[in-house]
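Residue-level structural notes
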Amino acid sequence: MWKKLYSWLDERTGVEGLIRKINDEPIRGGARWSYVFGSGILLLLVLQFFTGIFLTMYYAPTSDHAHASVAFIQKAVSGGALLRGLHYYGSSAIIILAILHFAQTFLFGAYKERRELLWISGLLMLLLVLAFGFTGYLLPWTQEAYFGTKVGTSIMGEVPAGGPLMQRIMLGGREITTLTLSRFFTLHVWLLPLLLILLAGSHVAFFRRSGPAGPYHHRDDARTELFYPRQVFLDALVFLLIFIVLIVLSLNLKAPLGQQADPTTDYLARPPWYFLPLFELLKYFPGNMTLVPAVVLPGIAFIVLAVLPFFDRKEERHPLRRPVATVLMLLGLFGSGGLVILSKYQDGMNPDLRAKIESQRREELAYLDAPFQPEEIGRSLPIEVPMVQVEGNMRNPVLKIYFANCANCHGRDASGGALGPSLIRLASSRHLSRDFLLKYISGHVREPSPDSMPRFQQLSLDQRGELADWLLNLRSPDQLSEPGETAAQSSLPSVPKPAAAPSQGPKKAAEIPRAPEAFLKTCAFCHGNDAGGNIGPSLVGITAKPERSPEDLLKLLDDSRAYGLKDPMPANFPKLSVDDKKAIVDWLSKLQ
Amino acid sequence: MSKPSNSAHVSDRRSFLGKITGLIAAFVAAVVGVATGKYALYPAFRKMSEEQNWQVVCPLEDIPEHEPVKRSVVISQDAGWGRFNSQRLIWILRDGSRVVVFSATCPHLGCTVNAASNGFMCPCHGSAWTGDGQRLGGPTLRALDTLDHRIEEGVLKVKYEFFKQSIAEKEIIS
Ligand code: FES
């Protein structure tokens, strides 16, 4: 039955001949372990294509969603961690195999005997693989990705004459923006793969034309063996081994994923390992000589390698009888390896750097282990917000901060309110670090829901520190009642109280006229009863600011977007009458 | 190994090594295939938690009594990496702990229903309802659509739903 189908197919497609053509490639000197690199790369490339295609199924190539979408793939989608891990570690495996393949071809003189094009197409693919690494690095839009790309593209800007222009073309502007991400995405997913298919196809075709070079010692030249089955088997076995290693890495170590890129932080960026030699070399050249290690040296090396088969016409292939070539290649290989080790060693020896790198790594691991939280798209607070007021008369300073800033949303006992989640055990169960909380509260790290929680930038570092410590140890709602207080006293009234005397206003309560009713009803939820700021910024002294004169404020209340204000500030207040607005602005202009 | 003759091809193909190679290929394909299948189908078969259908309005105490109160609820759709929020308007009538919640979407063609002096009124084509949502006049074929609600620990929650328009019966669009 199968045989019939097969011969039916074969008659029409010639598939048998094709398979024969592939399988019956004669190998001079017989099948060998040392020939596995090329096929290994090819199989890994197929795996990269496959995993890459499926990664784009959930990936969103825009700077505001890229990170959340990668986190979704990594943490939520079944099989996502595996596919992403295979793609991530697979790229490193390709580069390792490519270097081995390249070094072997060079050392064994296999580029000789009319194999110039085969050699050059291979070199180009080596570059292409690095370009894949460079463009793919930015796509998860993590801190590491952002700052790594920043350094990489800045080097490009150093090239005299054309450099800055090239950098701008590459970035799609002067800065790394969502356009940069789109460009890198297009390159990584469309243009480079097309180029790669072209080059890889030519490479294999050239290889088939010239045939394998065979061992350099020519001892077994008389012997030939067909590609199938022994060489195919060796190739498959090696690929299987690599595949299993990749799976183990993907599932145990996982592909790293740190926090979302934030250009305002002082992240310490280190390139991926395959760019470390270049990176390390950069340190030994002064700033105005950046070009030498970054462009000139690699450029010269590449050109020399590319023209090598045209000049090196001797038939000798034995590495020991080509001492100059062999020594140069070994120098290059061990030199690069040494630079990688040196770079790691230097980072490890400098206590400041080491502490910084370690704390970054801890944060990344904590983020990777935290459960996936979808990104909030659109306003997550109701437009018609209920007023919840809590009086902040607490002796414990942390509770004071809590009630003034957090209780509105997270509830009076921190076990969750109408608008915010429970904070009890939140920090401990999600393994959030103190550092992370500090940044989260002020809005510097806004993952996963950038819009749902306001940025509390008005809180000082100390205040945020107190909150963070408190949150880390928050195990039960009882911790919100003050010592000596009975539970009844501490449970605050749930009905909105009439506006309490301002607790933290810049002036004493008696000197400030009471806020108009319209303000208390409409604005106080965010800006505080005394306009001293709560979720929204303080409005004290606002009329002294540019574009915020009383006249401006009146217009602003009708169209806040025209004044550059964004959600969660409402665009306008249709419920306020003209008199209401005037009363509010009048009152605000008195607060100095 | 000797140079294989043509007749050796067939036996070669069936050789032990060939079979193992086939097994390896099958193994790799199976692992990648199963992982990819699960990956691609993931969102298609994910259950929504019942809790997601209930939206918090506000503490019951905060709703004034004996007058229609307009509030908004945020309905969230978890789709992949995002939680896509959008706002829907509701009308609440409260008498102590007795609460009725109406969708503010007009059952005629979907405009937003307003409160009027003697009940509710749709600005688009003039449908009108009494203060407790009964149909008074205009093109609407039915009363205002009530929404399920519950009160949990003093907080009013609503299950926002969409209903078919322009028909006499209230029918949920799922
Ligand atoms: S949509 Fe409300 S009356 Fe037509």
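Residues numbered from 1 in each chain as written. Chains lettered and ligands numbered in written order. Predicted model: local features only at pLDDT ≥ 70, side-chain atom pairs only at ≥ 80, totals over all residues. Heavy atoms only, no water.

1. Some points on the packing of helix α8 (residues 163-171) of chain A against helix α9 (residues 178-210) of chain A
All names here are of chain A. Packing of α8 against α9 brings their axes to within 7 Å, and their N-to-C directions diverge by 85°. The angle between α8 and α9 places the two elements in the roughly perpendicular class. Seen from α8, the contacting residues are Ile169, Met170 and Leu171; seen from α9, they are Leu179, Thr180, Arg183, Phe184 and Leu187. (Axes fitted to C-alpha atoms, helices over the stretch in contact; angles between N-to-C directions. Helix = DSSP H or I, 4+ residues; strand = E, 2+ residues; numbered from the N terminus. Parallel < 35°, antiparallel > 145°, perpendicular 65-115°, else oblique. Contact = heavy atoms within 4.5 Å.)

2. A short note on the sheet that holds strand β5 (residues 114-116) of chain B
Residue and element names in this part refer to chain B. Spatially, the four strands line up as an open sheet ordered β5-β6-β7-β8, and their pairing is antiparallel. If you trace the sheet from one side to the other, it starts and ends with β5 and β8 (135-137), each paired once. Sheet analysis places β5 next to strand β6 (residues 119-121), joined by three bridges and oriented antiparallel. Across the sheet, Ala116 pairs through a bridge with Gly119, a residue of β6. (Pairing = 2+ DSSP bridges.)

3. Concerning the pairing of strand β4 (residues 98-103) of chain B
On a regular strand, each side chain points to the face opposite its neighbour's, so the side chains alternate between the two faces of the sheet. Residues and elements named next belong to chain B. Strand direction decides the pairing type here: strand β3 (residues 82-95) and β4, joined by six bridges, are antiparallel. Looking at β4, one finds that Leu93 is bridged to Val100. Two successive antiparallel strands, β3 and β4, enclose a turn made up of two residues, where Gly96 displays a positive phi of approximately 65°.

4. A few points about the confidence of the model for chain B
Residues and elements named next belong to chain B. Across chain B, pLDDT averages 85, with 90% of residues at or above 70. Averaged pLDDT values for the elements of chain B fall to 52 in helix α1 (residues 8-13) and rise to 94 in β4. Under a pLDDT of 50 for its full length, residues 1-7 has, in the predicted model, seven contacts with residues more than four places off or in other chains. (pLDDT = per-residue confidence, 0-100.)

5. As for the sheet that holds strand β9 (residues 148-152) of chain B
All names here are of chain B. Taken in spatial order, the three strands line up as β1-β10-β9 in an open sheet, and their pairing is antiparallel. Only two strands of the sheet have a single neighbouring strand rather than two, namely β1 (54-59) and β9. Taken pair by pair, the neighbouring strands of this sheet meet at an average axis angle of 30°, ignoring direction. As paired elements, β1 and strand β10 (residues 155-159) share five bridges and run antiparallel to each other. Pairing of Val56 across the sheet is with Lys157, part of β10.

6. Description of the nonpolar core
Leu44, Trp141, Phe243 and Leu246 of chain A together with Tyr39 of chain B are the most contacted members of the largest nonpolar core, which has 74 residues in total. Examining the composition of this core, we find that ten residues originate from one element, helix α10 (residues 227-253) of chain A, more than from any other. Setting aside residues no more than four positions away along its own chain, Phe243 of chain A makes contact with Leu47 and Leu86 of chain A together with Phe27, Val28, Val31 and Val32 of chain B. Among the nonpolar cores identified, the runner-up in size contains 26 residues, and Ile401, Tyr402, Leu423 and Trp470 of chain A belong to it. (Core = buried A, V, L, I, M, F, W, Y, C linked by side-chain atoms within 4.5 Å. Buried < 20%, exposed > 50% of the residue type's maximum accessible area, 1.4 Å probe, protein only.)

7. Brief notes about the state of the cysteines
Residue and element names in this part refer to chain B. Per the stated rule, a full pass over the model turns up one disulfide over all chains. Disulfide partner of Cys111: Cys124, at an S-S distance of 1.9 Å. Looking down the S-S bond of the Cys111 and Cys124 bridge, the torsion is -95°, so its handedness is left-handed. Of the two residues, Cys111 sits in the loop between β4 and β5 while Cys124 sits in the loop between β6 and β7 (128-129), which places them 13 residues apart along the sequence. Accessibility expressed as a relative area gives 21% for Cys111, which makes it partly exposed. A relative accessible area of 38% means that Cys124 is categorised as partly exposed. (Disulfide = S-S within 2.5 Å.)

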